[in-house]
Amino acid sequence: MNSLKPNSQTPSMERPVEEEKSVAPVIRLFHVTKRYGAQTALTDVSLDVRKNEFVFLTGPSGAGKSTLLRLLYMAETASEGQILIEGKNLKRVPRRKIPYLRRTMGIVFQDFKLIPALTAYENVALVLEAAGQQPEYIDKKVRHLLRMVGLEGKERSLPPSLSGGEQQRVAVARAMCGEPRIVLADEPTGSLDTESAEVVLSLLSDFHSRGGTVLVATHDAKLIAQANKRVVHLKGGQITGDGGGVAS
Amino acid sequence: MRLRFHFRRAVRDIRANAFLHTLAVVTICLVFVLAGSFALVFVNVRELIRSQHENVRVMAYLAPGLGKDGQARIARELGRVPGVRSVSFISRDQALEILAAELDGQADLLKGLKSNPLPDAFELVADAREGDSEAMAETATRIQAVPGVTEVNYGQAWLDRFAFFIELSRMIAIALACLLVVASVSITSNTIRLVLYNRRAEIHVMRLVGATEMFIRAPFYMEGALQGLVGSVLALGILFAGYEGVVKGADTGFFLGGFTPSFLPLSVCAPGLLVSAFVGWMGCYLSFRQFKDV
């Protein structure tokens, strides 16, 4: 069983590792179904995502992309089936351990989910503060990440004073700062212009090139075509296609 | 736990929701002023009664014909009874003189007596033991058991009334304290609930980035405890100012027969401050219980 706490094998933004394709999937879904009352959001979905894979989840609105991601970061629980993250069965993760599981992942949202009362710096630092890191380490790490996403000098800016693209870059920096092994992104470019979307995609690709696993839910065909990665198609809560190439 | 870090967060949150917190602190302060006023009156009334009835006068009447030796023996034995502070002999002649003096203008009534009907007696001063009538009754029984003593009189009726008053005041104080604690918990709980509601999105984000419940709740717990503490410190200040005004402004010594009221002792203030902090914390804890899915 893997520990839920970050370990030294975490892909680091500062310490690039050589691309390594392991056959062992880090994300596994076995016949997962998710129902909300009488409505079924996902039906019998099985999916493997290997370590250091970059996967797009695509499909029309209501296909179940966001639901699938929410199941992975345990905002929801599956009605049926099993989900394994790095070998850990999510059904067996006790409630008090969920925060530790989430620290192994970075999550990026379409609406950024930044805390408006906190500065860009504080929003990113929050992850490390929650993990109990030392202030010196937090300062070094946060400044490095903000520089990396091109927001040097904007540390003290509050999210409402930043553009959408800048806010999403703060969100990406926040997702990366806990040195996660997996990044889940739910429509990360949905509310961004083309240029900002490209920056965000490049940041995610950068994380992937350093050994991280990325799962992006999007219906942005242009983004998918540009990245040329594995694409999983969802429709009506079911997987209708899985392979490389351009989204339909 | 990094207390300083969470304390800074708590202070920042208080600043961000200054109006709500000020409102809560003022309300808690008023509640504690009410509680403190009652405590102040209760403590001083008890002290006043105690100072007026610190000692109980007990009369131990003697059998006739004991002689000087017998009286001296009884005096020694009475002096050894626990709770007895002093023993003084009153002969039957002295007792008659005292009675005549007390009858004042009606002393002629005694002239018709063929002989002195009063017995020799010992006047004892016994410890009232804070109005504990049972303890006093026990002392009286011991006095009565001394050979040669025929009757004991110590004013049991007023001592019982005194004990009843003290007990009643204590019960009222406890009931009022419980009521005010519930009121304070409710005030803090409602304030924190409003803050939680205002910040539900932020709390949701914190959960998503891997913050533990303790990390999320710690500053709120501190805010609750601080609200209670600040409210009660302010209340103490107001009470002290009021006390100073009353004691120095009015000649209380004249009105209360030389008794000067005192402010709440440290043994009341210190636990009061701790209770207020606990009450604030409890209010916050209850808010989180009712608002689990924030």
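Residues numbered from 1 in each chain as written. Chains lettered and ligands numbered in written order. Predicted model: local features only at pLDDT ≥ 70, side-chain atom pairs only at ≥ 80, totals over all residues. Heavy atoms only, no water.

**Regarding the overall build of chain B**
The line we're drawing: Starting at the N terminus, helices and strands are each numbered in turn, a helix being any DSSP run of H or I of at least four residues and a strand any DSSP run of E of at least two. Burial classes follow relative accessibility: with a 1.4 Å probe on protein chains only, a residue under 20% of its type's maximum area counts as buried, one over 50% as exposed, and anything between as partly exposed. Between two residues, a contact is recorded if the distance between any of their heavy atoms is within 4.5 Å. The accessible surface values rely on the Shrake-Rupley method and a 1.4 Å probe; as for residues, cover is taken only from the protein chains in view.
Counting secondary structure elements, chain B contains 10 helices and four strands. Reading chain B from its N terminus to its C terminus gives the helix and strand order α-α-β-α-β-α-β-α-β-α-α-α-α-α. Within chain B, the fraction of its 294 residues that count as buried is 38%. At a minimum sequence separation of 6, the contacts of chain B that also span at least 24 residues come to 84%. For chain B, the computed accessible surface area is about 16,300 Å², with 63% contributed by carbon and sulfur atoms.

**Let's talk about the overall build of chain A**
Each helix and strand counted, chain A has seven helices and 10 strands in total. Taken across its 248 residues, chain A has 55% of its residues classed as buried. Across chain A, the fraction of contacts at a sequence separation of at least 24, relative to all contacts at a separation of at least 6, is 72%. Taken as a whole, chain A presents about 11,000 Å² of accessible surface, with 47% of it coming from carbon and sulfur.

**Regarding the interface of chain A and chain B**
Often the size quoted for an interface is simply the accessible area lost on bringing the parts together. Counted only if it meets this: Buried area is calculated as the accessible area (1.4 Å probe) missing from two parts once they are joined, with the contributions of both summed. Take a side-chain nitrogen of Lys or Arg and a carboxyl oxygen of Asp or Glu: if they are within 4 Å of each other, that pair is a salt bridge. In protein, a polar contact requires one atom able to donate a hydrogen and another able to accept it; more generally it is a pair of N or O atoms within 3.5 Å, and residues adjacent in sequence count only if both atoms are side-chain atoms.
Chain A puts 18 residues into the contact, and the matching count from chain B is 14 residues. Of the roughly 1,500 Å² buried where chain A meets chain B, counting both sides, 67% is carbon and sulfur surface. Counting the surface chain A buries against chain B, the share from its top three residues, Arg 102, Ile 115 and Glu 129 of chain A, is 28%. For the interface between chain A and chain B, the tally reads one salt bridge. Taking the shortest distance from any N to any O, the salt bridge between Glu 122 of chain A and Arg 12 of chain B comes out at 3.9 Å. For the pair chain A and chain B, the number of links is two residue pairs in polar contact (both at pLDDT 80 or more). Elements with a minimum of two residues in the side of chain A that touches chain B: α2 (98–102), β6 (105–109) and α3 (120–130) of chain A. At five residues, α3 of chain A tops the list of elements feeding residues into the side of chain A that touches chain B.

**Details of the pattern of salt bridges**
All names here are of chain A. Evaluated as defined, the whole model comprises 24 salt bridges over all chains. Across the pair Arg 35 and Glu 80 runs a salt bridge whose closest N-O atoms are separated by 2.5 Å. Placement of the pair is Arg 35 in strand β1 (residues 25–36) and Glu 80 in strand β4 (residues 80–85), with a sequence separation of 45 residues. Overall, the relative accessible area of 36% leaves Arg 35 in the partly exposed class. Across the salt bridge formed by Glu 187 and Lys 65, the nearest N and O atoms sit 3.9 Å from each other. Linking Glu 187 in the loop between β7 (182–186) and α6 (194–209) with Lys 65 in helix α1 (residues 65–72), this pair joins segments that are 122 residues apart in sequence.

**Regarding the sheet that holds strand β5 (residues 88–89) of chain A**
All names here are of chain A. Condition: Strands are treated as partners if at least two bridges between them are detected by DSSP. To obtain an axis, a line is fitted to C-alpha atoms, over the contacting stretch when the element is a helix, and the angle between two such axes runs from 0 to 180 degrees between their N-to-C directions.
Ordered in space as β2-β1-β4-β5, the four strands form an open sheet in which the pairing is antiparallel. Whereas interior strands pair on both sides, the edge strands pair on one side only; in this sheet they are β2 (39–50) and β5. Pairing of β1 with β4 involves five bridges; the strand directions are antiparallel. Looking across to β4, one finds that Thr 33 is bridged to Glu 80. In this fold α1 packs onto β1, β2 and β4, with an angle of close to 115° to the strand it touches most, β1.

**Description of the confidence of the model for chain B**
Convention followed: Confidence scores labelled pLDDT are given residue by residue by the predictor and lie between 0 and 100.
Per-residue pLDDT for chain B averages 83, and the proportion of residues at 70 or more is 91%. We note a pTM of 0.69 for the whole complex and an ipTM of 0.82 for its interfaces.

**Digging into the packing of aromatic side chains**
How we decide: Only Phe, Tyr and Trp rings are paired, with Trp represented by its six-membered ring, and only when their centres lie within 6.5 Å; those with planes under 30 degrees apart are stacked, over 60 edge-to-face, the remainder tilted. In this scheme, Lys NZ or Arg CZ marks a charge over a ring once it lies within 6 Å of the ring centre and within 35 degrees of the ring normal.
Taken as a whole and judged by the stated rule, the model has 12 aromatic pairs over all chains. Geometrically, the ring pair formed by Phe 220 of chain B and Phe 288 of chain B is edge-to-face, given 5.4 Å between the ring centres and 75° between the ring planes. Note that Phe 220 of chain B is positioned in helix α8 (residues 213–249) and Phe 288 of chain B in helix α10 (residues 266–290), a separation of 68 residues in sequence. Across this residue pair, the class does not change: Phe 220 of chain B and Phe 288 of chain B are buried. Note on Tyr 221 of chain B and Phe 288 of chain B: the rings are 6.1 Å apart at their centroids and 70° apart in plane angle, and the pair reads as edge-to-face. With a gap of 67 residues between them, Tyr 221 of chain B in helix α8 and Phe 288 of chain B in helix α10 connect regions that are remote in the sequence. Residue Tyr 221 of chain B is classed as buried on the basis of its relative accessible area, which comes to 10%. Here a set of aromatic residues connected by ring pairs shows up, and it is made of Phe 220, Tyr 221, Phe 278, Trp 281, Tyr 285 and Phe 288 of chain B. Of note, Lys 113 of chain A hangs over the ring of Phe 109 of chain A, and the distance from its end group to the ring centre comes to 5.3 Å. Lying over the aromatic face of Tyr 197 of chain B, Arg 200 of chain B brings its terminal NZ or CZ to 4.0 Å of the ring centre.

**A word on α6 of chain A**
Residues and elements named next belong to chain A. Put simply, the rule reads: The span one expects for a helix is its residue count, reduced by one, times 1.5 Å.
Given a rise of 1.5 Å per residue, 16 residues ought to cover 22 Å, and the 22 Å separating the end C-alpha atoms of α6 matches this to within 8%. Packing partners of the buried residues in α6 comprise β3 (54–58), α4 (135–148), α5 (164–177), β7, β8 (213–217) and α7 (221–227). Just downstream of α6, Gly 211 is the residue with a positive phi angle, here 105°.

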